[in-house]
Amino acid sequence: MSKALARVSRADSCSGCGLCAALAPQAITMAMQPPGYLRPQQHAPISAQTDTAIADACPGLIVDPTPAAPVEDALWGPAIEVATGYATDDTLRYRASSGGAISALLIHAMDSGLVDFVVQTGADPAHPLANETRATTDAAEVADAAGSRYTASAPLERIEEWLARPGRFAFVGKPCDVAALRARARTDPRVAEKVPLMLAFFCAGIPSAAGTRRILKRLGVEENDVATFRYRGDGWPGYATATRQDGSSERMSYADSWGQILSKEVQFRCKICPDAVGGHADIAAADAWYGDERGYPSFEEQEGRSLIMARTPAGAAILDAARMAGSIKSTPLAITEIIRMQPHQARRKRQLLARLAAMAAVGRPRPRFAGNHLAEAARGEPLPSQIKAFAGLVRRFLQGRA
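Residues numbered from 1 in each chain as written. Predicted model: local features only at pLDDT ≥ 70, side-chain atom pairs only at ≥ 80, totals over all residues. Heavy atoms only, no water.

Regarding the pairing of strand β9 (residues 197–201)
Part 1 of the argument: With four of its five residues buried, β9 lies for the most part within the structure.
Part 2 of the argument: As paired strands, strand β8 (residues 169–173) and β9 are joined by four bridges and run parallel to one another. Opposite Phe171, over in β9, you have Met198 as the bridge partner.
Part 3 of the argument: Pairing of β9 with strand β13 (residues 283–287), which is carried by three bridges, proceeds in the parallel orientation. In the sheet register, Phe201 faces β13, and the bridge partner there is Ala285. (Buried < 20%, exposed > 50% of the residue type's maximum accessible area, 1.4 Å probe, protein only. Helix = DSSP H or I, 4+ residues; strand = E, 2+ residues; numbered from the N terminus. Pairing = 2+ DSSP bridges.)

So this is what it looks like as structure tokens:
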């Protein structure tokens, strides 16, 4: 086996991005493994050069420091501009998971000629519970792919195909996908030439396919009778909705689908993510949750609102252009306000050093996350919480539950 993949396997740190399969397509393929995560399967030897290329970009092994920006926040990453906003197209705003900011930016990027197509992930038409990464070329296709997909995807598996295709494209992926593509750009000049825009979303982790089946069971819908399945969208936060072949449907609230089921099925790599907020993207977007009277995010149905972070000059330029074109409306936001909208992300980043220490304590290989402000973030977490995070993960390791 590849030395890089062997280390990832020992650490259980695979994110399922698919980059290794793209770099060695004759030797590595992505396949679903229980309880429902995409993992690389090596079936032929690879060269030392290819193994090094994998090791240099695999987010299960390394996540580079984020690009420099006027603001470098330990929790929220680099920022040129922070805002809340939404797509001015009411239909797009309603269909998307939050305010439709990413979808509106993608459509503007194509309409303005910045890119010729978009590489993004949506529901697989042949397998409605699964994902498919595809090239979209018009607004209708972008809108069709809008909405969160809380199950495995490997958007970099076909990156060589997209890079070989005529024209430039925008790439949309999980933070780990974007970090891997940025790392690959160091040794592959085609990435900078062909991908002028990379977008990401704040990610709470990738649940297993088993989590989706648990939702179906709770809804009383047979898997082979599902015509379409939406995890989010059609409102904010929207409902997990299973539509049967006969057109009837059942739905579950976001608080129940994510909070009670999917969040408990998240793969291990996501629990040690140093950049779940898309720090390597040109623009990262998230749910700009409104806080309730206790200061916690409220999941009551409302008009969608996105948190938008422009992190690079390219990101700031496309955001400004989309506003001028009337595709997006936005309101400036102080970066210190994000914690009220995304408290879970803050807590996870603050506890990451403790979790990495737990990996070291039981002899698991650890990914290289130097330069991601982990020590600075950890100083914001009370010591008892750090100890609890460390001890809890060690216990799960020893019990074989992590």
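Some thoughts on helix α11 (residues 254–261)
Helical geometry note: an α-helix holds 3.6 residues per turn, so side chains three or four residues apart project in the same direction.
Part 1 of the argument: Three or more residues of α11 are buried, namely Tyr254, Ser257, Trp258 and Ile261. Axial view of α11: buried residues confined to an arc of 125°, hence all on one face.
Part 2 of the argument: Residues of α11 that are buried make contact with α10 (209–219), β11 (239–244) and β12 (249–253). (Arc of directions from axis to C-beta. Contact = heavy atoms within 4.5 Å.)

Quick look at helix α15 (residues 343–350)
Part 1 of the argument: Buried residues of α15: Gln345, Ala346, Arg348 and Lys349, and no others. With its buried residues spanning 165° around the axis, α15 presents them on a single face.
Part 2 of the argument: For α15, the elements touching its buried residues are α12 (268–271), α14 (338–341), α16 (352–361) and α17 (374–378).

No statement about biological role is implied by the geometric values presented.
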